[in-house]
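Coordinates in review
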Amino acid sequence: MTIKVAIAGARGKMGREAVNTVLKRDGMELVAALDYKYVGESLAELEIFSPNLNVPIYTDLTNLIQETTPDVLIDLTNPQSVYEHTKVALLHNVRPVVGTTGFTEEQLAELTHLAEEQQVGCIIAPNFAIGAILMMKFAQEAAKYLPNVEIIEMHHDRKLDAPSGTGVKTAQMIREVREGRKQGHPSEHETIDGARGADFDGMRIHSVRLPGLVAHQQVLFGGEGQLLTIRHDSFNRESFMDGVMYCVETVMSLDRLVYGLENIL
Ligand SMILES: NC(=O)C1=CN([C@@H]2O[C@H](COP(=O)(O)OP(=O)(O)OC[C@H]3O[C@@H](n4cnc5c(N)ncnc54)[C@H](OP(=O)(O)O)[C@@H]3O)[C@@H](O)[C@H]2O)C=CC1
Ligand SMILES: O=C(O)C1=N[C@H](C(=O)O)C[C@H](O)C1
């Protein structure tokens, strides 16, 4: 069976990589792209794609679904759009594979409920790279023994959300295994706002944004006289594509929402 795939955000850095990956993949067909700005006949009109790429572009997700009947919607857009796209897809029985980050915990809970009600598969993956999943799992394990943790995530300077989805997911996974605690000196105070980073259950998350970076994270664990550092680097966006393909194939047999690739590997 061929999986019919639509991509929201096809013009973006991740989106164009996903377009090219789906096109090369046996058993998948790219049936449509969702844009909000570019109105045209097909992806062939965009310079970044081959002039033979006759994949229609839609600006309305409901129209896209009615006219091209995708099985899966890959969303690689932005934090402002992704919740609505995911909701509309689920309501039309189209399975979302979501790489876009920036969900609130309330939005995740609502979408989990909706997917369950509709009995439609959905994967929300804050990071598709296998190395990043392992980094998070190792960090979760380490936190059982070394509960004083700080997360430093480092990204390119075009990133819209902070902390990164991976930084938040790492902190959520660590929260599952350790008692919440206040770290640092009990009387510490910031002389410049934000100096200690974002506070997640007592863990500090620091967000670095610089040109030249892609996606990098270090998780630091301090103990008496010792420091453990767990680090992952994505040097390009191809690093995410095996994970995207795995999710598109796996979501076809799910009937609920899965948040995080570590839960289905
Ligand atoms: N899960 C993972 O492993 C990874 C996740 N990401 C996440 O994926 C998302 C995209 O990242 P990236 O490709 O770097 O970002 P880009 O800004 O390069 O791409 C996003 C694209 O989506 C378009 N877009 C915005 N709103 C809409 C909409 N409503 N409908 C359709 N298209 C829309 C943007 O258009 P315009 O620029 O004109 O506004 C842009 O072309 C981010 O949230 C990022 O955090 C990134 C890498 C890996
Ligand atoms: O915006 C990015 O680039 C990335 N976003 C995801 C995140 O927020 O964690 C995944 C990866 O870090 C790249």
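Residues numbered from 1 in each chain as written. Chains lettered and ligands numbered in written order. Predicted model: local features only at pLDDT ≥ 70, side-chain atom pairs only at ≥ 80, totals over all residues. Heavy atoms only, no water.

The protein chain has the name 4-hydroxy-tetrahydrodipicolinate reductase in an unreviewed UniProt entry, where Lysinibacillus composti is given as its organism. What UniProt states about the protein chain under its Subunit (unreviewed entry) heading is, verbatim, "Homotetramer." Under the UniProt heading Pathway (unreviewed entry), the entry covering the protein chain gives this text: "Amino-acid biosynthesis; L-lysine biosynthesis via DAP pathway; (S)-tetrahydrodipicolinate from L-aspartate: step 4/4." (UniProt positions renumbered as here; feature names shortened; annotations may be inferred.)

**Some points on the packing of aromatic side chains**
Under the defined criterion, the tally for this structure stands at zero aromatic pairs. One cation-aromatic arrangement involves K169 over Y259; the distance from NZ or CZ to the ring centre is 4.1 Å. (Phe/Tyr/Trp six-rings, centres within 6.5 Å; stacked < 30°, edge-to-face > 60°. Lys NZ or Arg CZ within 6 Å of the ring centre and 35° of its normal.)

**Some remarks on the nonpolar core**
Nonpolar side chains in soluble globular proteins generally cluster together in the buried interior. One finds I7, L43, I74, F128, F221 and V248 to be the most contacted residues of the largest nonpolar core, which totals 57 residues. Broken down by element, the residue count for this core peaks at seven residues, all from helix α5 (residues 130-145). Among the domains, domain 1 (3-124 + 238-263) and domain 2 (130-234) are the pair contributing at least three residues each to this core. (Core = buried A, V, L, I, M, F, W, Y, C linked by side-chain atoms within 4.5 Å. Buried < 20%, exposed > 50% of the residue type's maximum accessible area, 1.4 Å probe, protein only. Helix = DSSP H or I, 4+ residues; strand = E, 2+ residues; numbered from the N terminus. Domains from an automatic or database assignment.)

**Brief notes about the domain arrangement of the protein chain**
When the domains of the protein chain are assigned, the result is domain 1 (3-124 + 238-263) and domain 2 (130-234). Domain 1 and domain 2 are separated by 28 Å when their C-alpha centres are compared. On the side of domain 2, 15 residues touch domain 1, which itself brings 14 residues to the contact. Both sides of the domain 1 and domain 2 interface together cover about 1000 Å² of buried area, and 56% of this is carbon and sulfur. Three residues, E105, Y259 and E262, lead the burial of domain 1 against domain 2; their summed loss comes to 46% of the area buried on that side. A salt bridge links E262 to K169; the nearest nitrogen and oxygen atoms lie 2.8 Å apart. Summed over the shared surface of domain 1 and domain 2, the number is eight residue pairs in polar contact (both at pLDDT 80 or more). (Contact = heavy atoms within 4.5 Å. Buried area = accessible area lost by both parts, 1.4 Å probe. Salt bridge = Lys/Arg side-chain N within 4 Å of Asp/Glu carboxyl O. Polar contact = N/O pair within 3.5 Å; in protein donor to acceptor, adjacent residues only side chain to side chain.)

**Notes on the pattern of salt bridges**
Scanning the model with the defined rule gives 13 salt bridges in all. Across the salt bridge formed by R11 and D35, the nearest N and O atoms sit 2.8 Å from each other. Of this pair, R11 sits in the loop between β1 (3-8) and α1 (13-24) while D35 sits in the loop between β2 (28-34) and β3 (57-58); the two residues are 24 residues apart in sequence, bridging distant segments of the chain. Relative accessible area serves as the criterion here: at 28%, R11 is assigned to the partly exposed category.

**Overview of the sheet that holds strand β7 (residues 149-155)**
The strand order across the open sheet built from five strands is β8-β9-β7-β10-β11, with neighbouring strands paired in mixed fashion. Looking along the sheet, the strands with just one partner apiece sit at the ends: β8 (198-200) and β11 (226-234). For this sheet, the mean angle separating the axes of adjacent strands, direction not counted, is 20°. (Pairing = 2+ DSSP bridges. Axes fitted to C-alpha atoms, helices over the stretch in contact; angles between N-to-C directions.)

**Some details on the site of ligand 2**
Around ligand 2, the neighbouring residues are T101, P126, N127, H155, H156, K159, D161, S164, G165, T166, A215 and F240. Between ligand 2 and H155, the relevant distance is 2.6 Å, taken from an oxygen atom to a side-chain nitrogen or oxygen of the residue. Within the contact set of ligand 2, an oxygen atom lies 2.8 Å away from a backbone nitrogen or oxygen of G165. For ligand 2, whose accessible area on its own is 320 Å², the fraction buried by protein is 84%. Taken together, the residues of the shell around ligand 2 break down into three nonpolar, seven polar and two charged. (Near = heavy atom within 4 Å. Areas by Shrake-Rupley, 256 points an atom, 1.4 Å probe, with all protein chains shown as cover. Nonpolar A, V, L, I, M, F, W, Y, C, P; charged D, E, K, R; others polar.)

**Considering unusual backbone geometry**
For the peptide bond that leads from A162 to P163, omega is 0°, which places it in the cis range. Note on placement: P163 falls in the loop between β7 and α6 (165-175). Phi is positive for D201, close to 55°, though the residue is something other than glycine. Within the secondary structure, D201 is located in the loop between β8 and β9 (203-209).

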